Protein chains: 2
Amino acid sequence: MVKLRIKEILSLDGNNSEITVEGWIRTRRESKEITFIEINDGSTINNLQTVVDKKIENYESIIQQLNNGSGVTIRGRLVPSPGQGQNVELLADKIQIHGDAPVDKYPLQKKRHSFEFLRTIAHLRPRTNTFGAIARVRNAMSFEIHNFFQSRGFLYVHTPIISGSDCEGAGEMFQVTTFKLNEAPVLDGEIDYTKDFFGKRSFLTVSGQLEGEIYACALKNIYTFGPTFRAENSNTARHLAEFWMVEPEMAFCDIDLNMDVAEEFLKYIFASVLEKCKDDMEFFDKRICAGLLKNLDHIINSEFIRIDYTEAVERLKRSKNNFEFPVKWGLDLQSEHEKYLTEKLFKKPVIITDYPREIKAFYMKANNDNKTVRAMDVLVPRLGEIIGGSERETDYEKLQNRIDEAGLRSSDYWWYLDLRRFGSVPHSGFGLGFERLVQFVTGMQNIRDVIPFPRCVKTLDF
Amino acid sequence: MVKLRIKEILSLDGNNSEITVEGWIRTRRESKEITFIEINDGSTINNLQTVVDKKIENYESIIQQLNNGSGVTIRGRLVPSPGQGQNVELLADKIQIHGDAPVDKYPLQKKRHSFEFLRTIAHLRPRTNTFGAIARVRNAMSFEIHNFFQSRGFLYVHTPIISGSDCEGAGEMFQVTTFKLNEAPVLDGEIDYTKDFFGKRSFLTVSGQLEGEIYACALKNIYTFGPTFRAENSNTARHLAEFWMVEPEMAFCDIDLNMDVAEEFLKYIFASVLEKCKDDMEFFDKRICAGLLKNLDHIINSEFIRIDYTEAVERLKRSKNNFEFPVKWGLDLQSEHEKYLTEKLFKKPVIITDYPREIKAFYMKANNDNKTVRAMDVLVPRLGEIIGGSERETDYEKLQNRIDEAGLRSSDYWWYLDLRRFGSVPHSGFGLGFERLVQFVTGMQNIRDVIPFPRCVKTLDF
């Protein structure tokens, strides 16, 4: 007698073989002589229909607990199903109830719950179809990220979470401390951080890029995949205070090769998840976001448009669109502009390069025009920017000047500058917010629904 | 003309084919007519010997920069090597220097540097043989962890980093805040955390287990692999304030199956890394820890010993060893006791189960004797405890009592308790400190050398 997962069982012939199934009851339906229950074990969105004859041995003792939500082990025989919607069904011989879920108390009843409500019971929502499917898709995407980079010889590097510096000199950051708040020691009117745990002020990282560059400048191709943080006071459907980021960094790589990798990466992930999570993706297409599959297919088969910022601005100016925000060389593109380019003008992903240096980070390589930098943003229809990257400045003095201009202290970046003093090579990389990608793939509206336990302003439950 | 990595190049025949190599110079040696340089690109610990004839075109202009550490692109022809130690070598036709590394300034010179010194230049140490090898082994182990669980149908779950609760009620934790220190708002003499970013006191997680249980109790088999934190004031070669942890959690799984998975997991990781990182592992065996390969092979081919705590205590009492710490039922086992069991008595890994409840965490399932709990610790020779796990308490009232006994507030654990109110099933899991495992596999003495950027007491550089 073998223990199989339901995903495997559903692909078997019903040849009367004896099997044992473990899972949770999703629905229960009564007829005269029999009770139908559907079992799910998380291996697939599909349930195993199980037929419980009222004559089985312990029927009377279990019937009260045979509820939606109960955890059960069932021994029975697998037979062809006469009903529609499944090839096989299980004829139960013996049912063991591990723990039931009283109908009057269990919050997850057989009805459609709003995503808002489900966020308040994030400890139970993975038991629903939608959140089970998200968990499987998120898992598949995570693993395919590793597969993509590993099969290309990239090394996975764990960059630090607690940081003594602020990568971009931009983000609002969380502070990390072991001081008792309001009782931190003070020296000469300033907080004496030499007495804090790390002996200096410390934060949660906003990016692993700078440390990633260290490893790329030693071992060529690396990637990170880990949590990053922004203490942004944005209570929206697009912002998380804690999210996972993917950041490849490649030595001997210019902006063009960087774009090639980014495009190949997105297509690979989309194609893999469509293949590996077929049932779940059909569910999202049907229930969450109509046209999702077609949309992803279209991207997989498109060549991404590549234009520079200056041309993008020209195109926007020439358009007949009434934009809310001004279009002018030197200003950043707004969401409405990105939407116009990807959804109306080109109708596919667009990579925009060579942005004005003033609106981009200090580490981006300056072009010869001294006005633009080798930045690249990958925009996709429906979502906007999904990837941001650049070729990195490799010239020691130029980089130092950019650090000064950004109002940062170059002494904080001594090791980053050292990479340009010793064995400096051209290198590039990009960053991708993983939850945005999961949102894009699943069509879920709110980013809080694609991470198991969202952390946002005033939100820290579970 | 193809760009290959050096790992691939070294496996080719030297058939005079033209290739381009990108990497960094590791050594330089002069003879009368030619200069030999060795190139490394991070793909392998082995270098590509490159022969630079003094007659090549730009020789005069590059010779001053052809130093240890310089980043170069070399075009040339691959030929059989007459020298020892390599099958092929590269005859350089054209050399491009991207950035050199002046001999009088570059800290990494061709000599043996101490690991202590290299920690002070963690931005350059991945360019050495040892730290390149560690990066490759760490990468391979990370990926094999995913492969192990993915091939068995486990879902990778990202449990949260910022937490509102303390998993074991034990650890010393880092606080996370956006308050200005010493200026936090106060209400009724207490800090008013409703005004902090999350609206409540928040910490860095010490474990993803409790959230992992949520997903296991919905989708059966899951694992986490992410950073965890301890604000322990331990300045040792075994402690990190930030480290990565692997935590599988399995529903419908008792302590015996849990032990099976733990044993299979360790053997799989060891066998995979020996196969995938052959050259690096030979390097560690030869230069870092003699007998390493034999030791790992022995574990792969051993059946782990499984005894309960009570028997372990008996065995220790019967031994003729002079232990520094007392051996008595009810006291925790010390490192010297673990060493005796794994290195002297059994000479292989030992799994100890059923510890006294007083010395184990609140969530472990009580045995019927009411004295012990279904804990399991996996001990290995040389290192001691490498895995800690348990079957989890599934009984609502027993769990609530244990939470009370541990001095925790059960209201903080309402959702964890809910897993026992609704569809409760037997489940088990374990935790493994990833850096301890990398230390064990590489034989490195200090845990700060197996993580790219160690965070410890008063240590937060890079």
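Notes on the structure in this doc start here. (Residues numbered from 1 in each chain as written. Chains lettered and ligands numbered in written order. Predicted model: local features only at pLDDT ≥ 70, side-chain atom pairs only at ≥ 80, totals over all residues. Heavy atoms only, no water.)

## Remarks on the overall build of chain A
A count of helices and strands for chain A gives 13 helices and 19 strands. In terms of principal-axis extent, the alpha carbons of chain A reach across some 85 × 60 × 45 Å. The burial tally for chain A puts 61% of its 462 residues in the buried class. Taking all contacts inside chain A whose residues are at least 6 apart in sequence as the whole, residues at least 24 apart take part in 66%. (Helix = DSSP H or I, 4+ residues; strand = E, 2+ residues; numbered from the N terminus. Buried < 20%, exposed > 50% of the residue type's maximum accessible area, 1.4 Å probe, protein only. Contact = heavy atoms within 4.5 Å.)

## Considering unusual backbone geometry
All names here are of chain A. With a phi close to 55°, Phe252 is a non-glycine residue in the positive phi region. Examined against the element boundaries, Phe252 turns out to sit in the loop between strand 14 (242-251) and helix 6 (255-276). The phi torsion at Asp354 lies on the positive side, around 55°, for a residue other than glycine. Looking at where Asp354 falls in the secondary structure, it is placed in strand 16 (residues 350-356). Using a relative accessible area of 22% as the deciding quantity, one classes Asp354 as partly exposed.

## Describing the packing of helix 6 of chain A against helix 8 (residues 292-300) of chain A
All names here are of chain A. Two elements in contact, helix 6 and helix 8, have axes whose closest approach is 9 Å; the angle formed by their N-to-C orientations is 140°. One way to sum up the angle between helix 6 and helix 8 is to call them oblique. The two elements helix 6 and helix 8 meet at a crossing, and its hand is left-handed. For the pair helix 6 and helix 8, the contacting residues are Lys267, Phe270, Ala271 and Leu274 in the first and Leu293, Leu296, Asp297, Ile299 and Ile300 in the second. Broken down by class, the residue content of the contact of helix 6 with helix 8 amounts to 7 nonpolar, no polar and 2 charged. (Axes fitted to C-alpha atoms, helices over the stretch in contact; angles between N-to-C directions. Parallel < 35°, antiparallel > 145°, perpendicular 65-115°, else oblique. Left-handed = near helix turned anticlockwise from the far one by under 90°. Nonpolar A, V, L, I, M, F, W, Y, C, P; charged D, E, K, R; others polar.)

## Details of the side chain of Glu338 of chain B
Residue and element names in this part refer to chain B. Within the secondary structure layout, Glu338 lies in helix 10 (residues 335-345). For the buried Glu338, no salt bridge exists, and the shortest N-O distance to an oppositely charged side chain is 6.4 Å, to Arg238. Beyond its immediate stretch of four places on either side in the chain, Glu338 contacts Leu333, Leu379, Gly384 and Glu385. (Lys, Arg positive; Asp, Glu negative; His and termini not counted. Salt bridge = Lys/Arg side-chain N within 4 Å of Asp/Glu carboxyl O.)

## Focus: the environment of Ile255 of chain B
All names here are of chain B. Within the element layout of this structure, Ile255 appears in helix 6 (residues 255-276). Counting along the chain gives 159 residues from Ile255 to Gln96, while the straight-line C-alpha distance between them is 60 Å. Not counting the four nearest positions on each side in its chain, Ile255 is found in contact with Arg374, Ala375, Met376, Ser390, Glu391 and Ser428.

## Overview of the pattern of salt bridges
Evaluated as defined, the whole model comprises 58 salt bridges over all chains. One salt bridge connects Arg306 of chain B with Asp260 of chain B, and the closest N-O pair in it is separated by 2.9 Å. Remark: Asp260 of chain B occurs in helix 6 and Arg306 of chain B occurs in strand 15 (residues 305-308); sequence separation between them is 46 residues. Looking at Arg306 of chain B, the relative accessible area reads 35%, which means it is partly exposed. We note a salt bridge from Arg402 of chain B to Glu405 of chain B, for which the minimum N-O separation is 3.7 Å. Taken together, the residues span about one helical turn, with Arg402 of chain B and Glu405 of chain B both in helix 11 (residues 396-405) at a distance of 3 residues. Overlapping salt bridges bring together Glu213, Glu249, Arg392 and Arg420 of chain A as one network.

All quantities given are derived from atomic positions and should not be read as evidence of function.
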